[in-house]
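Each chain is listed here by its residues.
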Amino acid sequence: MGGVNKKTALVTGANKGIGFAIARGLGTIGFRVAVGARDSARREEAVARLRDEGIDAFGVALDVTSGESVTVAAKTIEKTAGGLDVLVNNAGIAGRFDGGAQNPSTLDLDVMRTVLDTNVFGVVRVTNAVLPLLRRAESPRIVNISSTMGSLTLQTGPVLAAYAPSKSMLNSITAQYARELAGTNVIVNAVCPGYVATDFTGFNAPRTPEQGAAVAIRLATLPDDGPRGGFFDDGGPVPW
Ligand code: NAP
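Small disclaimer: the values here were computed from a predicted structure and weren't measured.

S.K.: When you look at the site of the ligand in this model, what are you seeing that I'm missing?
M.R.: Around the ligand there are 29 residues in total, and Asn15, Asn90, Tyr163, Val196 and Thr198 lie nearest to it. The contact in question runs from an oxygen atom of the ligand to an N or O atom on the side chain of Arg38, over 2.8 Å. Tyr163 places a polar side-chain atom, nitrogen or oxygen, 2.6 Å from an oxygen atom of the ligand. Burial of the ligand by the protein amounts to 95% of the accessible area it has alone, namely 900 Å². More than half of the atoms of the ligand fall within 2 Å of the grid points belonging to the largest pocket. Of all the elements in the fold, those that place two or more residues in the shell around the ligand are helix H1 (17-28) and helix H5 (163-180). The class makeup of the residues in the shell around the ligand is 11 nonpolar, 12 polar and 6 charged.

S.K.: Explain the pairing of strand E3 (residues 57-61) to me, please; I cannot follow it from the model alone.
M.R.: Look at any regular strand and the pattern is simple: side chains alternate between the two faces of the sheet. The sheet contact formed by strand E2 (residues 32-37) and E3 spans 5 bridges and is parallel. Opposite Ala37, over in E3, you have Ala61 as the bridge partner.

S.K.: Even after reading the chapter, I still don't get the layout of surface pockets, so can you show me in this structure?
M.R.: Taking a probe equal in size to a water molecule and rolling it over the atoms shows the remaining empty space. Estimates place the volume of the largest pocket at around 1,100 Å³. Elements with a minimum of two residues in the lining of the largest pocket: H1, E2 and H5. It is H1 that contributes the most residues to the lining of the largest pocket, 3 residues altogether. Looking at the lining of the largest pocket, its residues break down into 21 nonpolar, 18 polar and 6 charged.

S.K.: Which parts of the structure should I look at to understand the sheet that holds strand E8 (residues 236-237)?
M.R.: Through backbone hydrogen bonds, the strands of a sheet pair up, either in parallel or in antiparallel fashion. Spatially, 8 strands are ordered E3-E2-E1-E4-E5-E6-E7-E8 in an open sheet, and the strand pairing comes out mixed. Lying at the two open borders of the sheet, with one neighbouring strand each, are E3 and E8. Sheet topology places strand E5 (residues 141-145) next to strand E6 (residues 187-191); 5 bridges connect them, and they run parallel. Bridge pairing in E6 links Arg141 to Ile187. Across the sheet, helix H3 (residues 67-81) touches strand E1 (8-12), E2 and E3, and the angle it forms with E3 is around 155°.

S.K.: Would you explain the side chain of Thr12 in this entry?
M.R.: Considering the arrangement of structural elements, one finds Thr12 in strand E1. On the basis of relative accessibility, which here comes to 1%, the residue Thr12 falls in the buried class. A polar atom in the side chain of Thr12 sits 2.9 Å from the backbone nitrogen of Asn90. Within the local environment of Thr12, its side chain forms a polar contact with the backbone nitrogen of Ala91, the two atoms lying 2.9 Å apart. Once you skip the residues sitting within four places of it in the chain, Thr12 turns out to touch Gly36, Leu62, Val64, Leu87, Val88, Asn89, Asn90, Ala91 and Val126.

The rules behind each value
Residues numbered from 1 in each chain as written. Predicted model: local features only at pLDDT ≥ 70, side-chain atom pairs only at ≥ 80, totals over all residues. Heavy atoms only, no water. Near = heavy atom within 4 Å. Polar contact = N/O pair within 3.5 Å; in protein donor to acceptor, adjacent residues only side chain to side chain. Areas by Shrake-Rupley, 256 points an atom, 1.4 Å probe, with all protein chains shown as cover. 1 Å grid on protein atoms, 1.4 Å probe; cavity = no way out; pocket = protein on both sides within 12 Å on 5 of 7 lines; lining within 4 Å. Sits in = over half its atoms within 2 Å of the grid points. Helix = DSSP H or I, 4+ residues; strand = E, 2+ residues; numbered from the N terminus. Nonpolar A, V, L, I, M, F, W, Y, C, P; charged D, E, K, R; others polar. Pairing = 2+ DSSP bridges. Points joined across faces, edges and corners; volume = space filled by probe spheres on them. Contact = heavy atoms within 4.5 Å. Axes fitted to C-alpha atoms, helices over the stretch in contact; angles between N-to-C directions. Buried < 20%, exposed > 50% of the residue type's maximum accessible area, 1.4 Å probe, protein only.

Following this line, the structure appears as structure tokens:
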């Protein structure tokens, strides 16, 4: 397990879906993978599945809505792996939309708060907790899992007035981080995995988690002169 020069990647929400596929993909190309997940049973099961495939994985208790959990997670990573090279902010929720809860005209602000707390504030919490570790790495990368539903140009998918704006804000936050970190070696981008069969979509979507993970893995392993502060899918740049 783990040579001294092995790179470490943290994937949030890595116990299933696209996050698990990203963890597996990064593990397969040689990363030590920190499997961030809030439920201990689901987390340990995912870690065991990855280890069964020969991947160097360890579990990190991580609820992105809890500042305390995020702080402890950063310490666990430093203690276990000694540092961090890649952060993939994947954990995300759609939020409930029954009874018009995500129609703009009847928007349930509690749903909106919940969605923003995970999809946006969660990304800020985790990023800021591990940024000191990333800054010490040689070629640190941050990949935020967004969606074309958050693209104000494309406006894809159904009307979901908490989820779609959460991804628009995530895109904007991504650009803000990229601007602040422009003079550093930390490269930050957002990606859209496409429409992927996971719990999130009721497994009723054309792409596999592995297909969805591919663009995140590509951006997580960019060369040092790679793009910064962009929004990408499999086809290349996505309009904001
Ligand atoms: P998924 O199968 O529902 O997985 C979501 C993951 O996020 C789960 O591991 C979940 O953990 C975790 N999570 C949710 N809230 C969390 C919290 N507070 N703390 C820690 N982990 C939390 O969904 P998915 O399709 O893989 O989605 C992954 C990402 O891709 C999301 O950001 C989503 O918005 C984005 N996305 C998905 C699609 C698509 O078509 N599927 C399209 C565009 C973008 P639990 O198991 O504990 O709930």
